[in-house]
Amino acid sequence: MQKPRVASQREAIFNNEVVSRFELYNSLFLTLPFYKIKDTGTLLPLFIKHCEDGVKNHQTPAQIISTFFDKYTQVQEPKEVVDLLFRFIQYIERQVVLFDAVEDASFNKLNVSDDQQSLRLMLKKSESNTELHHKIEELIKDFSLRLVLTAHPTQFYPGSVLSIITDLTSAIKINDIVTIHELLQQLGKTPFFNKKSPTPVDEALSLSWYLENVFYFAAANIQSEIDNGLEEFNIPTKKVIELGFWPGGDRDGNPNVHAEDTLQVSKMLRQILFRCYYRDFRKLKRRITFRGVEDTLYKIQDVLYQNAFDTNIVPENISAFLITHLEEIKTTLIQHHDGLFANLVDDLLRKVELFGSHFASLDIRQDSRVLRDVHAYCRQSKPIISLFPENYDELSEKEKISHLSFKSAKVNYTGEADALVTDTLETIVKIKQIHEANGELACHRFIISNCQQASDILQLIELFLWNGWQEDQLNMDFVPLFETVNDLEGAAEIMEELYAHPFYRKHLESRGNKQDIMLGFSDSTKDGGYLMANWSIFNAKVALTTTSVANNIQLAFFDGRGGPPSRGGGKTHRFYASMGKEIANKNIQLTIQGQTISSQYGSIDSAGFNITQLINAGISAGIKEKHNILLDPLHKDVLDIMARDSFNAFVSLRKHPLFLTYLERFSPLSLLSKITISSRPVKRSSGEKLRLEDLRAISFVTSWGQLKQNIPGFYGIGTALKNQEESGNWDNIVQTYQESGYFKTIIDNCMMSMSKADFSITAHFANDPEYGDFWKMLNNEYECSKEMLLKLAGHTTLMENYPVEKRSIAVREKIVLPLVLIQHYALEKMQHELTDLELQSYEKLAIRTVYGIVNAGRNSA
């Protein structure tokens, strides 16, 4: 009976602290004058209610909007209608921000870490358990958590708005009405979006706000707690948290990222970091005013100031210098001043040990097809040309590898190279410069996306050796990224071939026999559907772990997770807690992107909580070393069949002749390229015609989310469960759900995704002469999936066991319902004959709704 009591407490807190406060501050917000239109705030509540009633009555968006204007306004001209709808959008965008701030202000009251899984509790238990103490000590030696902020374009808020959210959250915590009122006025007048698309460096600068204002403090706080706990129980401390960064380094499918951008971003991260150090040092210096440390303090101050503000200095990795001199100050304080303010020195020391001279490691990523082209280009130049036969590209994989010599060479490039080839070669050279300026950890991984064969990695190594790198100084990690269902199936075989290759094995030995492997959730879902993607990644992890253990390689999985469950998001920590001993789990690495950054890591409190959840999940799983029951025939055979049934249903849908045209017609997919939030194209190819294989997974998932149908997050799972029920295997499925934490997390996340779908909004599609039957097919699978999932979980409603999260989603969906209808209204208008000016105005209207819908979803893209 304990759990329902806790849940009801959280619900009461949420209703009182979040919903009631939001309604109070929202009423204040709606009375503010906004862009000289008095009636907007008055009309908006009426419009929201009218939208809700219209959806219940299955009216079309055009009917809902036209009847609203007839009933409540004197507006008749199309231009005036569009103008008022724009004002509604601007208000709703800010309502989303207000709800974010109110929810964030109550974060600590709503979220309590599970103490049963905490490192401190496990350490406490180890006092009387020598075996457990030894196990924790050994696990900590290898354990790490790496969070990688990515360049994916669904984090819309600029730094100015993020700062307002931070200040608004602080004011709401203490109910400072005067400040709240002022900040709401500021919010109303502050632009949310850029007039032109950002450059890759702009994106990096925008994302670095979180490094400077959140992760710099949150990571250090958690590392401090870990250090203190380990020291208390006589276990050596170790750096656990690592940060990664993709903007400026990820050029997969983004021709706008260049080598110079990569170098510029590394310099920017360095400068921001040293400004953080300098800010902390100034506070420290105000307290340490004793004799015996003056000279050392001045040395540190001078170096920090130069590195923070002098753009003319030659940058170099000075983290060792800082650590040495800070240790000197700490020793003096302990020996001569009773350790007074040594804690301040410890805090800065810890940050330098965490962030070095680089802040976050810049990953380089490029598609294997581009890298093959670069290798082919290099093979045409002396002296390389003599090492390869002319028909090299036609050779078998085994024959290709036999021709790789791994000889360092100074290549004399002759032929003209295209832009991607040039960028790759220049980037390989620039990485060396980054190492010299910021240290090796600043940029030590090259990720090969769409990796399909061992030669994709081995050829890349040759590119390094041909462009200024020596074998004995090749301090880089080469990370294959396996994405599609087929690639995941063949991943272990590729790695086995690499581990057996003499040169690669020697390289791994020089890197401590450690191998990172990235697995892509987004593309595998787009390729094979939600269940098949998750099951394929699970099986790939088991197979890759087996082959790595057999070859004495310490494997780290780098999970390319997006925000929503359809892209690997959701209750992520539960996945890591339920891996089982058959999957390498000592080095947790994952991408965080889009609104996941602002929703889960947007404040020091939320970042601290979510980082701790992941660390506790990994350590708990490592200590328990439980067998994963999904590998037992009873469960595995069933999941194999379900994944295949789900895959077949999803692939059948993808092959439907209306699949892509439906998405283009009824979602803003074709307009995403015009949104000024990203330097990345919507699709990888530059051709005019949109092909599904070229469409980025993030655009694919975002479009379904805008439609409020979330097809990638569930489609096929209802069919798979129904087939099991009809074959008389239902009891086995229930047993699997009850006994497997991993499978339960897959199901729970699927229900979360479905909670953000609302087919009633598009119910009028059923009457469409061309797309009606297609909509009914999607809706039927949704209803089937909902019915079967609820039956499996023993629930009456989706997300029944997460009532607070369910309520939060409901409030957010209510806020943005008008945006969804305005979007459909604009897209429908665009199907008619319009003047260029009219078409442009409806395009802008549809595009503008995208921001608020995605931001409200928090993990919807």
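Each chain has its residues counted from 1, running along the sequence as written. This being a predicted model, a pLDDT of at least 70 is required before a residue's local features are given, and a value of 80 or more before pairs of side-chain atoms are given or counted; all residues contribute to the totals for chains, interfaces and linings. Where side-chain values are given, they derive from all heavy atoms of the structure, hydrogens and water being excluded.

J.: How should I be thinking about the pairing of strand β6 (residues 477–482) in this particular structure?
T.: Consecutive side chains along a regular strand alternate between the two faces of the sheet. Three exposure classes are used, based on accessible area relative to the maximum for each residue type with a 1.4 Å probe and protein chains only: buried under 20%, partly exposed in between, and exposed over 50%. Helix and strand assignments follow DSSP, with helices taken as H or I runs no shorter than four residues and strands as E runs no shorter than two, numbered in order from the N terminus. Taken across its 6 residues, β6 has 6 buried, putting it largely inside the fold. Going residue by residue along β6, you find D477, V479 and L481 tucked away on one face and F478, P480 and F482 tucked away on the opposite face as well. Paired strands are those between which DSSP finds at least two bridges. The sheet contact formed by strand β5 (residues 445–449) and β6 spans 4 bridges and is parallel. What sits directly across from F446, in β6, is F478. Of the pairings in the sheet, the one linking β6 to strand β7 (residues 514–520) comprises 2 bridges and is parallel in character. Counted as the bridge partner of F482 is L519 from β7.

J.: Would you mind showing me how to read the packing of helix α30 (residues 730–739) against helix α31 (residues 741–755) here?
T.: A pair of packed helices is characterised by two quantities: the angle between their axes and the separation of those axes. Throughout, an axis means a line fitted to C-alpha atoms (over the contacting stretch in the case of helices), and angles, computed between N-to-C directions, take values from 0 to 180 degrees. Contact geometry of α30 with α31 gives a least axis separation of 5 Å together with a crossing angle of 100°. The angle between the axes of α30 and α31 places the two elements in the roughly perpendicular class. Residues I733, T736, Y737 and E739 of α30 touch α31, and the partners they reach there are G741, F743, K744, I747 and D748. In the contact of α30 with α31, the residues fall into 4 nonpolar, 2 polar and 3 charged. Angles are sorted into four bins: roughly parallel if under 35 degrees, roughly antiparallel if over 145, roughly perpendicular if 65 to 115, and oblique for all others. In what follows, a contact means two residues having at least one pair of non-hydrogen atoms within 4.5 Å. Only Asp, Glu, Lys and Arg are considered charged in this grouping, and only Ala, Val, Leu, Ile, Met, Phe, Trp, Tyr, Cys and Pro are considered nonpolar; every other residue, Gly among them, is considered polar.

J.: Explanation requested: the side chain of K430 in the structure shown.
T.: Considering the arrangement of structural elements, one finds K430 in helix α17 (residues 419–438). Using a relative accessible area of 18% as the deciding quantity, one classes K430 as buried. If sequence neighbours within four positions are ignored, K430 has contacts with A259, E260 and L263.

J.: I'm lost on the pattern of salt bridges in this one. Help?
T.: For side chains of opposite charge, pairing can occur when their charged atoms come near one another. One side-chain nitrogen of Lys or Arg within 4 Å of one carboxyl oxygen of Asp or Glu is enough to make a salt bridge. Taken as a whole and assessed by the stated rule, the structure comprises 42 salt bridges. One salt bridge in this structure joins K124 and E127, with 3.8 Å as the shortest N-O distance. Because the salt bridges share partners, they merge into one network encompassing R146, E242, D363, R445 and D516.

J.: Would you explain the environment of V850 in this entry?
T.: Here V850 shows up in helix α34 (residues 836–857). Given a relative accessible area of 2%, V850 falls into the buried group. Separated by 304 residues in the primary sequence, V850 and T546 place their C-alpha atoms 44 Å from one another.

J.: Explanation requested: the sheet that holds strand β1 (residues 144–149) in the structure shown.
T.: Paired through their backbone hydrogen bonds, the strands of a sheet run either parallel or antiparallel. Ordered in space as β3-β2-β1-β9-β8-β7-β6-β5-β4, the 9 strands form an open sheet in which the pairing is parallel. Edge strands, defined here as strands with exactly one partner in the open sheet, are β3 (361–362) and β4 (364–367). Packed onto the sheet, helix α21 (residues 521–528) meets β7 and β8 (554–560) and runs at close to 40° relative to β7.

J.: Can you walk me through the packing of aromatic side chains in this structure?
T.: How two aromatic rings sit relative to each other is given by the distance of their centres and the angle of their planes. By convention, a stacked pair of Phe, Tyr or Trp rings (six-membered ring in the case of Trp) has centres within 6.5 Å and planes under 30 degrees apart, an edge-to-face pair has planes over 60 apart, and any other such pair is tilted. Counted by the stated rule, this structure contains 44 aromatic pairs. Ring geometry for F47 against F88: centres 4.8 Å apart, planes inclined by 20°, an arrangement best described as stacked. Of this pair, F47 sits in helix α2 (residues 39–56) while F88 sits in helix α4 (residues 78–105), and the two are 41 residues apart along the sequence. Judged by its relative accessible area of 0%, F47 falls in the buried class. Sitting over a ring, as applied to charges here, requires NZ of Lys or CZ of Arg to be within 6 Å of the ring centre and within 35 degrees of the ring normal. Here K432 stacks its cationic end above the ring of W469, 5.5 Å away from the centre of that ring. Sitting over the ring of W730, K791 keeps its end group 5.1 Å from the ring centre.

J.: Would you mind showing me how to read the side chain of D748 here?
T.: Residue placement: D748 occurs in helix α31. What qualifies as a polar contact is a pair of N or O atoms within 3.5 Å, subject to a donor-acceptor requirement within protein and to the restriction that residues adjacent in sequence count only when both atoms come from side chains. Reaching out from D748, the side chain makes a polar contact with the side chain of Y802 at a distance of 3.4 Å.

J.: Is there a simple way to explain the pairing of β1 in this structure?
T.: Burial of β1 is extensive: 6 of the 6 residues sit out of reach of the surface. By the alternation rule, side chains of β1 split into S144, R146 and V148 and L145, L147 and L149, which are all buried. Pairing geometry for β1 and strand β9 (residues 587–592), over 6 bridges, is parallel. By the bridge assignment for β9, R146 is matched with Q589. In this sheet, strand β2 (residues 241–245) lies alongside β1 in parallel orientation, the contact comprising 5 bridges. Its bridge partner lying in β2, L147 is registered against L243.

J.: Just checking my understanding: could you explain the confidence of the model for the chain for this structure?
T.: Per-residue confidence for the chain averages 90 on the pLDDT scale, and 93% of its residues sit at or above 70. The predictor rates its confidence in each residue with pLDDT, a number between 0 and 100. Confidence over residues 1–6 falls short of pLDDT 50; this stretch has 0 contacts with residues more than four positions distant or in other chains.

J.: Please clarify how the state of the cysteines should be interpreted in this entry.
T.: Chemically, a disulfide is nothing more than a covalent bond linking the sulfur atoms of two cysteines. A pair of cysteine sulfur atoms is labelled a disulfide when the two atoms are within 2.5 Å. Applying the stated rule across the entire model yields 0 disulfides. Lacking any disulfide linkage, C451 is separated from the closest cysteine sulfur, that of C378, by 18 Å. For C750, which is in no disulfide, the shortest distance to another cysteine sulfur is to C784 and amounts to 11 Å.

J.: Help me understand unusual backbone geometry, please; the structure alone is not making it clear to me.
T.: Backbone geometry follows two general trends: most residues other than glycine have a negative phi, and most peptide bonds adopt the trans configuration. The linkage connecting K382 with the following residue, P383, adopts the cis geometry, with an omega of -5°. With a phi angle near 60°, N552 is a residue other than glycine that sits in the positive phi range. For N552, the position within the fold is in the loop between α22 (530–550) and β8. The exposure class of N552 is exposed, given its relative accessible area of 60%. For N710, which is not glycine, the phi dihedral falls at a positive 45°. Along the polypeptide, N710 turns up in the loop between α28 (697–706) and α29 (717–726).

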